[in-house]
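Single-letter residue listing:
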Amino acid sequence: MSVSFALLGLLENGPRHGYDLKRTYDDTFGRDRELHYGQVYSTMARLLKNGLVEVEAEPGVGPDRKRYAITDAGVTDVAEWIGRAEKPEPYLQSTLYTKVVLALMTGRDATDVLDAQRTEHLRLMRELTRRKSGGDIADELICDHALFHLEADLRWLELTAARLDRLASRIRS
Amino acid sequence: MTRLRTWAFEIGLGARMSVAGGRAGWTRLALIATGVGIGVAVLLAVATLPTALAASNARTEARTENIAASTDLPRGDDTMLIGIATMMFRGDSVHGRMLQAEGSRPPVPPGVTTLPGPGEMLVSPALADLMADEPLLAQRWGARVVGTIADEGLSGPADLAFYLGTDTLTEETGHRIAGFGYAGVEDEGGVSPVMLLLSAVGMVVLLMPVMVFMASAVRFGGEARDRRLAALRLVGADAAMTRRIAAGETLAGALLGLVVGAVLAVGAGLLVNRYASGAMSFYLTDMRPVPALVALIAVGVPAVAVLVTLSAMRQVVVQPLGVVRLSGTTRRRLWWRLILPVLGVALLWPLKDGLGGSSGVELQAAAGVALLLIGLALLLPWWVEATVHRLGGGSVAWELAIRRLQLDSGTAVRAVSGIAVSVAGVIALQGLVSGVESTIGGEGGSDARPFQHEILPRADLPDQTWITALEKTPGVREVQTVRSVYGTQDGTSVRIRIGDCAVLAAFAETAGCADGDVYAVDVPAGPATYELSDDTTWTPPTANHEVAATPSYEIYGPALLITPGALRGMKVPSAETNFALNLDTADPDAVEHLRNTVATLDPQTLVSEPGNATVAATMRTIRQSLLVGTVVLLLLIGASLVVNVAEQLRERRKVLAVLVAFGTRRRTLTGSVLAQAAVPVLIGMTLAVGFGSALAAALMAMVEAPVTVDWFGIGTTSGVAALVVLGTTAATLPTLMRLTRPGNLRSE
Amino acid sequence: MTEQPLLTAEDLRLSFGETKALDGASLHVWAGEVVALMGSSGSGKSTLLHCLAGILTPESGRVGYAGRDLSAMSDTERSALRRGEFGFVFQFGQLVPELTCRENVALPLRLTGTGRREAHRTATEWLERLEVADVADKRPGQASGGQGQRVAVARALVGRPRVVFADEPTGALDSLNGELVMKLFIAAAKETGAAVVLVTHEARVAAYSDREAIVRDGVVREQEYVR
Ligand SMILES: Nc1ncnc2c1ncn2[C@@H]1O[C@H](COP(=O)(O)OP(=O)(O)O)[C@@H](O)[C@H]1O
Ligand SMILES: [Mg+2]
């Protein structure tokens, strides 16, 4: 899911070849889960079908001579995705991290991303807090478990917010 | 060995901490050093007094002539005739001798190399200065000043003395001597038991508050120190180490205090040497403190300072995370605090009917006073605690202050016990002084009767010479002749005076006097025969009135006053002729003109003045110095109160800021500071006035003066104490304002 | 129906020397709501709180309370406002150490002129409500941290203020005690209808709020108020 938005987002800074796209993705988000070529091409095919990217033909031959460019609809989609808060759940950082980095790369306000997420987290935490003060001890313990996890996420959000400058300078370099 | 080294390190660390604490540390050190320094200076002064007095006395003795022993001394080549020409100028006594050599090897008084010839005089430097300033004095003896008397012939730099060369003395009018120097003389007039009592009590009153003050001075800033020690415990210092470090800190302050005290003492010595007047003036070389006492001070003051610190630290437990005070939990006990005051009363009680003649009573009285005053200092903490625990309710400001005092009254009490002791002592002393004043009679100035001045000539000059000269003297309104003889009957000597009604009124309450009356003062009525000094007897006319002496003449004892009319047709014994003068007392120069006239005619003549001007002046000086002393002491105590209150405020800065956040009025906070300072002072003052008045009454009873309450003394001392409270509050206001700024809400 | 906010801050600026503690901060607090001021330490939360409460005066900008302009008031007037309409809870060390807990709670009432007996009666009720009646006659030093904070909460609410300012009220407590304090605090505030401005950097504490505002470098990012 987030892979397609990530690839789409990477196109915002200019058209790229499929191979180029894979390398950039791997460099930026890859770490120990690099993309297969096949995955890139299938994703691109789907995006092409949905009208979110278009192909710029180039003189020359071979399958690798295709350059993908983002369409206006694609840009809107990326913006909408980035701005949308994730449903709070454990292990969402990878998605969130992707969003933050992309926002930085595309010149969007990464702080907004974090703030939106914080608001969403707090909304859920408020609900859990309310549920727990109305409920019995079992509710309380279950809610607290969730609350502590959410709090840990929020801490990460805070920390990231405080280090945005450093992250930005690393990405731009 | 290593143990010793770590100890030294710890004490040194404490000393370093005392200066390394930034501005607060320096302030604390300065306060301790000043407090201890002032105490040390006073102690040094007291330690210097014996040697200085002894040196001065030795010189006085060296110039004194043994007149009584030399009555049958034959005239010789090494003898000399002297005349006693000591005389007053303004309030000061001028020691004077007329010298007339009888041979080629006359004795020479100390400090003199060549005797002055007739018409010449030698003067002390102080007298020379005075003569230069006062033309009235310069013309008194009508002699040429040919030199000065050297230091070894003077009691001190302010000694007023002269030697007048003459050739008019005869065996009758002069005294023959063969040398100067007479050990064992009593001071002129002798030291009365009352004066001894006065100085003994004065010593106690002076030293007690100094002790209390020094004890509280070494505790200045103790709370901040405890917090610093807590920080040290956090890094691993144990309780004993913290005590040694604290001792080191105090030691630094106390040693600095010794230096400050020495400097102050030297400064005071220089000032005394330069500006002192009257009998108590000393040369710099006289002012050598008794070595044993100096050693005692140098060792004792730091030791006591450290002891005070350690005993104060027993009240707190310095723990790594803070300071726990124990004082709040243990209530003070009363019984042992009562021991000393009860002992004091026991010592004073037997003296309530007067000192009597037995020796050592002054000591007993001084000890009683000291015990009572120390007892007061001990009683006060219990009293404050007991009172404060009964207080409560009232406004918020009051509640804040009272609760604070309930939690820890010790700090406030320490500052106040100084006030209490000094106030009690000063009230007692003032009472004693006014008691003494009432027994010696007023200062003549207040007695408006004429003929209060009497001239008692020694040389044999014709009456008319005297009368003419006296009448020409400015300020003399009228001269009357009074003839007087001494008569003895059954062991009581009675002064018999013969003069007009107008003159006799100066000696006794002779209202309605007519020529022919005879008045008896303290003499049994009825005819009596008196033995006269020339071994004849005389039966004067019988007294027809019994009257009381005028205040100025009370001290002269029994007298018989006869008007010339009562003597008509009687044989009158030969009597000395005195002159009573109606002097214009409104003009302070009048008496000086009179003395000038007298000195020109016969320097040995006694000018008798109304009242007891010298003693009264002494008493006035004592009163004034008491007042100055009180003010200084109270200011010191005010300073320590300011330090205490400011320190407490600083400790509570967070709470103060929170109170301000809650909308507490500054007025409320100021009010609470005021109450916090005022309540202990008020309690202390009540106790002090009670103790002081009781002591004063006891002392007045001892000197057999009417027991009165010295409202003036109580009023002034209480007033100054109230000012100190207000001043303390005012002085801490800036701190309060600074501490209630919102910045202090920030949790550090 | 356009409901007006009870407390507003508009474009506040305040520097301490070089530090711009507030750099154009705005905030709106509606009656009865709990707003959490979040942000990293040093971001200006406490400064904003002090400005809102009239303890500090901003260099520029306006603080309004119930239609009145706090910046235009004298110190005396602002003190009176704090006595009458505001309550405060701080992180720790706010109770007067020599007064008993009951006397501490009664203090705001007594400052506004209530008699001692009456004030103590009300204080006792509040101590019971915050479940600390057992320390009523002890000094704060003898109560635990959690008890002390609950006493402080009781003191903040005893005068039925319209706004309670709480600066890290659980900052010095463990999570269990923190939860307890917050639960009782917010429940009592809701009951009396007091608005709460709650400075905290702990999400679990902020979760007791109705809405949060993020403070960063002296600027506030406010979440919209929805009724
Ligand atoms: N009284 C003051 N003096 C100097 N600087 C201050 C003062 N109060 C706050 N500051 C500074 O202003 C900034 C904001 O402080 P504050 O409002 O206390 O932050 P927060 O409460 O969010 O931690 C910080 O950089 C702080 O150092
Ligand atoms: Mg803060």
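### Examining the overall build of chain B
Helix and strand counts for chain B stand at 19 helices and 19 strands. When each of the 748 residues of chain B is scored for burial, the buried share is 50%. Here the contacts in chain B between residues at least 6 apart in sequence split such that 82% fall between residues at least 24 apart.

### Some thoughts on the overall build of chain A
The helix and strand tally for chain A stands at eight helices and three strands. Sequence separation of at least 24 residues holds for 58% of the intrachain contacts in chain A that already meet a minimum separation of 6. With the model as given, the accessible surface of chain A reaches about 9400 Å², and the carbon-plus-sulfur share is 53%.

### Here we look at the interface of chain C and chain B
A common way to state how big an interface is: give the accessible area lost once the parts meet. In this assembly, 25 residues from chain C lie in contact with 23 residues from chain B. Of the roughly 2500 Å² buried between chain C and chain B on both sides combined, carbon and sulfur atoms contribute 60%. Of all residues in chain C, E98, R110 and L111 of chain C bury the most surface against chain B, accounting for 25% of the area lost on that side. For the interface between chain C and chain B, the tally reads four salt bridges. Linking chain C with chain B are eight residue pairs in polar contact (both at pLDDT 80 or more).

### A short note on the environment of L52 of chain C
All names here are of chain C. Tracing the sequence through the fold places L52 in helix 1 (residues 45–52). Relative accessible area serves as the criterion here: at 0%, L52 is assigned to the buried category. Measuring from C-alpha to C-alpha, the distance between L52 and V29 comes to 9.9 Å, with 23 residues separating the pair along the chain. What L52 contacts, discounting residues up to four positions off in sequence, is L7, A9, L27, V63, L70, F86, F165 and V197.

### What to know about the confidence of the model for chain B
Across chain B, pLDDT averages 80, with 87% of residues at or above 70. A low-confidence stretch, residues 442–446 of chain B stays under pLDDT 50, and its non-local contacts, those more than four residues away or across chains, total six contacts.

### Considering the pattern of salt bridges
Overall, the coordinates contain 50 salt bridges over all chains when judged by the stated rule. In this structure, the salt-bridge partner of D144 of chain A is K132 of chain A, at a minimum N-O distance of 2.9 Å. Of this pair, D144 of chain A sits in helix 7 (residues 137–162) while K132 of chain A sits in helix 6 (residues 110–134), placing them twelve residues apart in sequence. Residue class for D144 of chain A comes out buried when judged on its relative accessible area of 17%. The exposure class of K132 of chain A is buried, given its relative accessible area of 6%. Of the charged contacts in the structure, one is a salt bridge between E151 of chain A and R155 of chain A, with a shortest N-O distance of 3.9 Å. You can see E151 of chain A and its partner R155 of chain A sitting in helix 7, four residues apart, about one turn around the helix. Take E151 of chain A: its relative accessible area is 5%, and that puts it in the buried class. Within this structure, D109, D112, D115, R118 and E158 of chain A together with R216 and R221 of chain C form a network of salt bridges that share partners.

### Considering the interface of chain A and chain C
Counting residues at the interface gives 15 residues for chain A, matched by 16 residues for chain C. At the junction of chain A and chain C, the tally comes to seven salt bridges. Put simply, the parts of the chain that give the side of chain A that touches chain C at least two residues each are helix 6 and helix 7 of chain A. No other element matches helix 6 of chain A, which puts ten residues into the side of chain A that touches chain C. Partitioned by chemical class, the residues of the side of chain A that touches chain C number five nonpolar, three polar and seven charged.

### A closer look at the packing of helix 6 (residues 222–234) of chain B against helix 7 (residues 239–275) of chain B
All names here are of chain B. Put simply, helix 6 and helix 7 touch, their axes get as near as 10 Å, and they point 140 degrees apart. In terms of axis orientation, helix 6 runs oblique to helix 7. Crossing geometry of helix 6 relative to helix 7 is assigned as right-handed. Contact residues: R225, R228, L229, L232 and R233 in helix 6; A239, T242, I245, A246, E249 and T250 in helix 7. Here the residues of the contact of helix 6 with helix 7 are counted per class, giving five nonpolar, two polar and four charged.

Basis of the calculations
Residues numbered from 1 in each chain as written. Chains lettered and ligands numbered in written order. Predicted model: local features only at pLDDT ≥ 70, side-chain atom pairs only at ≥ 80, totals over all residues. Heavy atoms only, no water. Helix = DSSP H or I, 4+ residues; strand = E, 2+ residues; numbered from the N terminus. Buried < 20%, exposed > 50% of the residue type's maximum accessible area, 1.4 Å probe, protein only. Contact = heavy atoms within 4.5 Å. Areas by Shrake-Rupley, 256 points an atom, 1.4 Å probe, with all protein chains shown as cover. Buried area = accessible area lost by both parts, 1.4 Å probe. Salt bridge = Lys/Arg side-chain N within 4 Å of Asp/Glu carboxyl O. Polar contact = N/O pair within 3.5 Å; in protein donor to acceptor, adjacent residues only side chain to side chain. pLDDT = per-residue confidence, 0-100. Nonpolar A, V, L, I, M, F, W, Y, C, P; charged D, E, K, R; others polar. Axes fitted to C-alpha atoms, helices over the stretch in contact; angles between N-to-C directions. Parallel < 35°, antiparallel > 145°, perpendicular 65-115°, else oblique. Left-handed = near helix turned anticlockwise from the far one by under 90°.

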